[in-house]
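# Fold and contact review
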Amino acid sequence: MDTSQLLPYGGAILGLFLLLWVLDKFTGGIVEELGKRTLDRLVRRPRQGGLFGRRALRSYACAVRHAFGTHTMGFRKDDAPVTVEEVYVPVRYESEGRGAELEQLLATRTRTIVVGEPGAGKSMLLKHLMLGWAREPRRDRRVPVLADLHQFGALTLLDLLTRSLSGGRHPVTTEQVREALGDGRLRVYFDGLDEVGRDHLPAVLAELRELARDHPDCPMVVTCRESVYQGELAAEFGAPVKVVELDDAALRVLLRHLVGAGERADRLRAALHAGHAVLELARSPMLLTMISYLFLEGVFGERAERLPRSRSEFYELAVSYLLRRDAARGLGGATRFDSPVKLAVLRRLALHLMSSGDGRTIGHRDLLALVRAEAGDFNLDPAQAAALVDEIVDRSRLLIRLASGEGVYAFRHLTLQEYLAALELSKRGQELAERYRAAPAAWHEVVRIWCAVVSDDCTWLLRDLYADTDSHVLVLRCLAEATRVESGFAEAVIDGFLAQVRHRVPLPDPAVKALGALAAIDSPRGNRAFTELLRLTSADPGDQTAYMALAASGRPGALSAIVAAAQESGAAREALSSMGDLAVPELLRVGTDWAIDELGWIGTPAAAEALALLVTESRKVRAAWWLAVRLNRDDVRAGFNAQRDHAPTSVLSEPYRDDWSPRLRAVFEEVVRALGGADAPGARPEGLLPIFPPVALAVMALDRTPGVGTVSKAPLADDAKRATLMVLSQVRTKPLLTGRDDTQMALVALAEVTERHGEDQDVANAVRRLSTQLVLRMTMLPATKAVLRSVEWHAQAAMLGRFPKGWGLDQWKLLAVERPEPRALRRASIASVVVLSLVVAGMGGYGLLSAMTGSMPVTPSWLPALTLAGTFAFLASLFRVETVLGFVFFVIGGLAGAFGWFWFAVSTMTDSLGFNAGGGLMAALTMLPFVLRLVYSHRRRRWANPFREVLAQCAPRFLPRGSHPR
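Residues numbered from 1 in each chain as written. Predicted model: local features only at pLDDT ≥ 70, side-chain atom pairs only at ≥ 80, totals over all residues. Heavy atoms only, no water.

## Observations concerning the pattern of salt bridges
Applying the stated criterion across every chain, the model contains 39 salt bridges. Linking lysine 242 and glutamate 226 is a salt bridge whose minimum nitrogen-to-oxygen distance equals 3.7 Å. Of this pair, lysine 242 sits in strand S9 (residues 241-242) while glutamate 226 is found in the loop between strand S8 (220-225) and helix H10 (234-237), placing the two residues 16 residues apart along the sequence. Across the salt bridge formed by glutamate 305 and arginine 306, the nearest N and O atoms sit 3.8 Å from each other. Here the salt bridges do not stand alone but share partners, grouping Arg347, Arg348, Glu374, Glu424, Arg428, Glu431 and Arg435 into one network. (Salt bridge = Lys/Arg side-chain N within 4 Å of Asp/Glu carboxyl O. Helix = DSSP H or I, 4+ residues; strand = E, 2+ residues; numbered from the N terminus.)

As structure tokens, then:
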């Protein structure tokens with residue numbers, strides 16, 4: 001038999017498979033990863049029906065980016081949509097009296113109800129979460145899906161989820177969605193519970209409860225307007241999380257996006273702070289967008305000097321301008337209908353929407369029918385209804401066509417609808433009262449606006465409402481804006497709330513803000529409330545409610561009183577930080593530890609500038625800690641970057657010379673030196689937020705302690721050992737070599753933790769336990785340890801895992817130098833592995849088949865049987881490798897098969913070329929991959945910069961953008 005004809009047979013394929021497995025042990029797990037992906041595709045994909053396949057996920061991620069990447073906020077030039085990630089401001093919620101980022105909370109909870117005012121950013125938050133997943137779809141085993149509850153009724157919740165998941169090129173069935181929910185593979189966001197039609201609300205609540213109970217492994221978030229949610233889902237979702245209004249720092253960031261970072265934004269911001277009523281509106285992202293647009297259009301004057309002083313004046317001015325803006329631009333020929341006619345139609349429509357359906361939308365046919373039915377009253381030809389609707393939508397932008405449904409219309413913002421409904425009812429107060437009694441949550445804001453827009457006495461309405469204790473806060477809010485109310489009744493209401501403050505009866509947050517809004521007005525009523533609040537704080541320095549109401553007023557006298565009391569009163573300090581930028585000058589003047597802490601909590605660019613002055617001029621280490629925290633904020637760094645004064649700098653900020661202005665570099669250096677020289681970590685404030693990673697790295701680079709970075713090799717405690725194994729099991733992608741001690745294994749585990757593990761709380765907790773022990777064992781200055789313990793947990797893991805690898809000032813200076821990877825060596829290493837695999841597969845397969853056919857004598861004679869048995873055992877074990885028996889077959893069969901294939905390859909080579917030539921060639925082919933890999937690894941380690949590696953691993957956004965190859 002001509003054995004050369006047997007060479008192409010299956011032995012070559014089996015040999016290649018086994019050799020790649022053996023060589024994978026020193027090539028870094030490449031084949032292992034490829035095998036996992038192949039098995040996932042071959043074995044699991046049919047069961048998942050394509051819902052979580054690679055192509056399906058890629059297609060769905062593309063659909064998510066297309067659907068949620070932009071947001072039509074309205075009130076922009078040409079109504080151009082904004083890019084969500086460009087204008088997104090982190091949504092915050094109240095936690096222990098302070099604001100905290102809601103996104104971080106949602107990552108740790110499986111059930112959350114998010115409530116807030118209209119336009120507070122709830123929908124934008126969900127879009128931001130969807131886009132965050134779409135950037136790296138495979139990092140999270142759960143796939144997020146966003147469903148608009150407004151569409152509930154014609155569709156069930158399951159139908160809505162199916163429709164949303166079918167946005168890509170791979171259609172999804174309801175059965176697939178049900179299976180994915182059962183497997184815990186979805187992360188579900190339901191937006192707009194308040195937009196569900198009143199008739200459908202019981203049904204949607206029942207389905208939400210059922211989903212929450214039946215699918216505990218699927219995280220769920222539901223958003224709703226605060227005034228609408230009455231705790232219906234408390235049993236399944238727990239207490240609601242309230243979105244707080246934009247603070248001064250967030251307001252500044254969003255203004256920079258909307259108006260620009262120049263002087264105009266500063267002028268508008270100053271004008272907003274000068275008017276309490278409009279500032280309250282501006283703390284809604286949607287309404288701030290509207291205010292910014294009108295400012296850029298010149299409606300408020302060049303310096304915002306004509307900014308309205310009340311909510312009702314603002315709405316009136318905004319609606320009036322939007323209806324006549326074509327005429328203001330010299331485009332009067334583009335409109336056919338007069339502004340009063342369009343305003344009358346919008347008023348009638350607003351009232352209709354408030355009273356029927358879902359309270360927000362109307363279909364095209366219904367809208368035309370409404371206009372035609374009222375055409376006679378408007379002196380219109382019914383045939384003009386469609387043209388009138390088109391003009392209102394296309395020219396005024398007050399009414400919009402929704403993308404979620406063909407021929408469906410809604411007002412741009414709910415508050416505009418409420419204002420127009422209040423106008424329509426301006427002469428029908430009794431009807432408003434009846435509507436409010438029937439649905440208080442829906443008509444709450446309409447009543448408030450109505451009291452501000454009518455000139456008649458509204459005492460009768462407020463007195464009627466005040467009879468219901470649930471409406472007390474609404475009446476107080478109306479007193480701050482109402483045009484005419486009997487003084488006796490108004491004083492009785494105010495005295496009632498002040499009496500509760502005096503007797504320390506807890507007041508809800510809306511009541512405290514209402515008291516502050518009333519005290520902010522320079523009028524007899526407002527001055528009386530303000531004076532009484534001042535007296536209450538003097539009589540009872542621990543009365544937090546009085547301090548918070550004073551702070552909400554924003555009056556200069558309130559600031560002075562709170563600052564005077566803050567030295568002794570913790571309640572006054574908390575109120576002071578809620579005043580934002582208004583409190584910064586006074587806090588800077590005081591300059592004590594508590595004042596520094598309040599500046600840190602305020603966190604605006606103005607507060608950061610004050611902290612920088614305290615660091616530079618007063619050498620306050622506490623201020624340096626807070627400044628290190630606030631440098632994480634883009635707006636704070638942008639504020640320092642905008643200052644172009646040429647401050648002296650050194651090598652500490654050299655890596656960022658192309659990214660930062662001299663002022664920002666000087667601030668960075670002051671902070672690093674203050675923290676690096678603080679031998680007593682006691683100056684670190686309690687409850688400090690994570691600090692800026694480059695600050696921590698620079699402090700570590702300055703540490704010249706002999707043996708810095710070395711770790712005691714004493715055995716770790718049992719909980720640290722368990723933490724090590726837990727982290728390794730979750731983050732390690734390559735096999736770990738044995739023979740390492742506890743400390744080495746712990747460092748290896750930490751070195752592989754990245755930002756993408758941030759949502760895994762088990763990993764986070766294990767890393768924190770492990771890091772605590774390792775920091776105590778490391779040789780470094782106490783100040784360096786304090787800094788290391790103050791960074792985000794995944795950044796701390798990366799720094800600890802790489803600390804022993806060449807840290808120092810010389811390496812820090814080269815942070816911006818991006819040294820190229822030795823790709824030629826890497827390719828040569830991979831090519832040598834491929835060549836060796838092909839040679840062993842071909843020669844081994846040829847030798848095995850020759851031995852089996854008897855054409856080549858084999859010693860020992862049992863080797864062919866062992867090779868075949870090992871090969872088949874290895875292949876069979878791949879489908880059961882997760883079991884103990886499968887793993888045993890995997891290891892033993894793999895070793896036996898690999899040994900046999902290699903033996904036959906060497907035998908065939910020596911038989912063909914002679915012992916010396918064949919043996920030498922096989923030895924060279926075998927050693928070449930090892931040598932190339934060692935050279936490549938050595939070269940890469942020599943050129944690697946540990947600082948770059950840490951930032952790339954845990955905070956890539958902070959890498960110097962001016963990096964250049966060298």
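## Notes on the nonpolar core
Counting 271 residues, the largest nonpolar core has Leu193 and Trp812 as its most contacted members. Not counting residues up to four positions away in its chain, the partners in contact with leucine 193 are Leu149, Leu201, Val204, Leu205, Leu208, Val222, Thr223, Cys224, Tyr229 and Leu233. The next biggest cluster of nonpolar side chains, apart from the first, holds seven residues, and it includes Val840, Met909, Met922 and Leu925. (Core = buried A, V, L, I, M, F, W, Y, C linked by side-chain atoms within 4.5 Å. Buried < 20%, exposed > 50% of the residue type's maximum accessible area, 1.4 Å probe, protein only. Contact = heavy atoms within 4.5 Å.)

## Here's the deal with the UniProt feature "transmembrane region" (unreviewed entry) in the protein
When the UniProt feature table is mapped to this numbering, "transmembrane region" (unreviewed entry) covers residues 6-23, 828-849, 861-879, 884-905 and 917-936. Here residues 828-849 runs as 100% helix and 0% strand, with 31 Å between its end C-alpha atoms. For the annotated span residues 917-936, helix accounts for 100% and strand for 0% of the residues, and the straight-line distance between the end C-alpha atoms is 28 Å. (UniProt positions renumbered as here; feature names shortened; annotations may be inferred.)

## Remarks on the packing of aromatic side chains
As enumerated under the stated definition, the model contains 14 aromatic pairs in all. Note on phenylalanine 899 and tryptophan 903: the rings are 6.0 Å apart at their centroids and 45 degrees apart in plane angle, and the pair reads as tilted. Here phenylalanine 899 pairs with tryptophan 903, and both are found in helix H45 (residues 884-913), just four residues apart, close to one helical turn. Judged by its relative accessible area of 47%, phenylalanine 899 is partly exposed. For tryptophan 903, a relative accessible area of 36% gives the class partly exposed. Over the ring of phenylalanine 295 we find arginine 264, and its NZ or CZ is 5.2 Å from the ring centre. Positioned above the aromatic ring of phenylalanine 530, the side-chain terminus of arginine 555 is 4.4 Å from the ring centre. (Phe/Tyr/Trp six-rings, centres within 6.5 Å; stacked < 30°, edge-to-face > 60°. Lys NZ or Arg CZ within 6 Å of the ring centre and 35° of its normal.)

## With respect to the sheet that holds S8
Spatial ordering of the open sheet is given by S6-S7-S8-S5-S9, a layout of five strands whose pairing is parallel. Looking at strand neighbours, the two that pair on one side only are strand S6 (143-148) and S9, the edges of this open sheet. As paired elements, strand S5 (residues 111-116) and S8 share six bridges and run parallel to each other. Note on S8: the bridge partner recorded for arginine 111 is methionine 220. (Pairing = 2+ DSSP bridges.)

## A short note on helix H18 (residues 385-396)
For H18, with twelve residues, the first-to-last C-alpha span of 16 Å sits near the 16 Å given by 1.5 Å per residue. A positive backbone phi angle near 65 degrees is found at arginine 397, which sits one or two residues after H18. (Expected span 1.5 Å × (residues − 1).)

## What to know about the pairing of S5
With respect to burial, S5 is a largely interior element, six of its six residues being buried. In this sheet, S9 lies alongside S5 in parallel orientation, the contact comprising two bridges. Bridge pairing in S9 places valine 114 opposite valine 241.

## Some thoughts on the packing of helix H31 (residues 593-602) against helix H33 (residues 621-630)
With their axes 9 Å apart at the nearest point, H31 and H33 run at an angle of 5 degrees to one another. It follows that H31 is roughly parallel to H33 by the angle criterion. Between H31 and H33, the contacting residues are Asp593, Ile596, Asp597, Gly600 and Trp601 on the first element and Arg622, Ala623, Trp626 and Arg630 on the second. (Axes fitted to C-alpha atoms, helices over the stretch in contact; angles between N-to-C directions. Parallel < 35°, antiparallel > 145°, perpendicular 65-115°, else oblique.)

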